[in-house]
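Per-entry structural report
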Amino acid sequence: MPRFMGFVRMEENIGMPPQSLFEAMDSYIGERAANGVFLDGGGLYGTEDAVNFVVRQGEVTRVDGPYAEAKEVVGGWSLLEYPSLEEAVADQEEFARLHAEHWPEVTVVATLRQISGGPDAPEA
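Quick notes on the rules
Residues numbered from 1 in each chain as written. Predicted model: local features only at pLDDT ≥ 70, side-chain atom pairs only at ≥ 80, totals over all residues. Heavy atoms only, no water. UniProt positions renumbered as here; feature names shortened; annotations may be inferred. Core = buried A, V, L, I, M, F, W, Y, C linked by side-chain atoms within 4.5 Å. Buried < 20%, exposed > 50% of the residue type's maximum accessible area, 1.4 Å probe, protein only. Helix = DSSP H or I, 4+ residues; strand = E, 2+ residues; numbered from the N terminus. Contact = heavy atoms within 4.5 Å. Pairing = 2+ DSSP bridges. Axes fitted to C-alpha atoms, helices over the stretch in contact; angles between N-to-C directions. Salt bridge = Lys/Arg side-chain N within 4 Å of Asp/Glu carboxyl O.

Per an unreviewed UniProt entry, the protein chain goes by YCII-related domain-containing protein and derives from Nocardioides glacieisoli. Comment text from UniProt for the protein chain, heading Sequence similarities (unreviewed entry), reads "Belongs to the YciI family."

What follows is the structure in structure tokens.
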């Protein structure tokens, strides 16, 4: 079955989500973990402690947070497995709707990307 990576991007330092979103996500994730769709995932801390390694022209440079230029950051991630791309997309839309319902004042971008099986993997 194809695997997918889900990302939630949002503006940094917007505060904690409302309790109702935590409760809705607990139910949503619990159902998907029980049926084997949700494999792993979680929220991420802010960029103040982030570390980036930038490779430019063959040189590696370490850059520590916080990053003043960051407007939107990845706030959470998930590793998912669905029988089909169509089911993955439909479920990602449901995930986005939970955010719209429980945290409507915040702009959230819910991204779903299929995980490549490597250079020799057939295209999906």
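**Notes on the nonpolar core**
Counting 16 residues, the largest nonpolar core has M25, Y28, L80 and Y82 as its most contacted members. Only strand 1 (3–11), helix 1 (19–34) and helix 2 (85–102) provide two or more residues apiece to this core. At four residues, helix 1 tops the list of elements feeding residues into this core. Not counting chain neighbours up to four residues away, the residues in contact with Y28 comprise Y82, D91, E94, F95 and L98.

**Quick word on the pairing of strand 1**
Bridging between strand 1 and strand 5 (residues 72–81) involves nine bridges; their strand directions are antiparallel. Its bridge partner lying in strand 5, G6 is registered against S78. Note: strand 1 against strand 6 (residues 108–114), seven bridges, orientation antiparallel. Within strand 6, the residue paired with G6 across the bridge is L112.

**Focus on the sheet that holds strand 1**
In spatial order, the strands read 2-5-1-6; together these four strands make up an open sheet with antiparallel pairing. Since the sheet does not close on itself, it has two edges, and those belong to strand 2 (38–43) and strand 6, each with one partner. Between one strand axis and the next, the sheet turns by 20° as a mean value, whatever way the strands run. Those strands touched by helix 2 are strand 1 and strand 6, and its axis lies near 165° from that of strand 6.

**Let's talk about the pattern of salt bridges**
Between side chains of opposite charge, pairing is possible as soon as their charged atoms come close. Enumeration over the complete set of coordinates arrives at seven salt bridges. A salt bridge links R62 to D64, with the nearest nitrogen and oxygen atoms 2.8 Å apart. Taking relative accessible area as the criterion, R62 reaches 53% and is therefore assigned exposed. Each of the salt bridges in this network shares a partner with another, and the network as a whole consists of E31, R32, D91 and E94.

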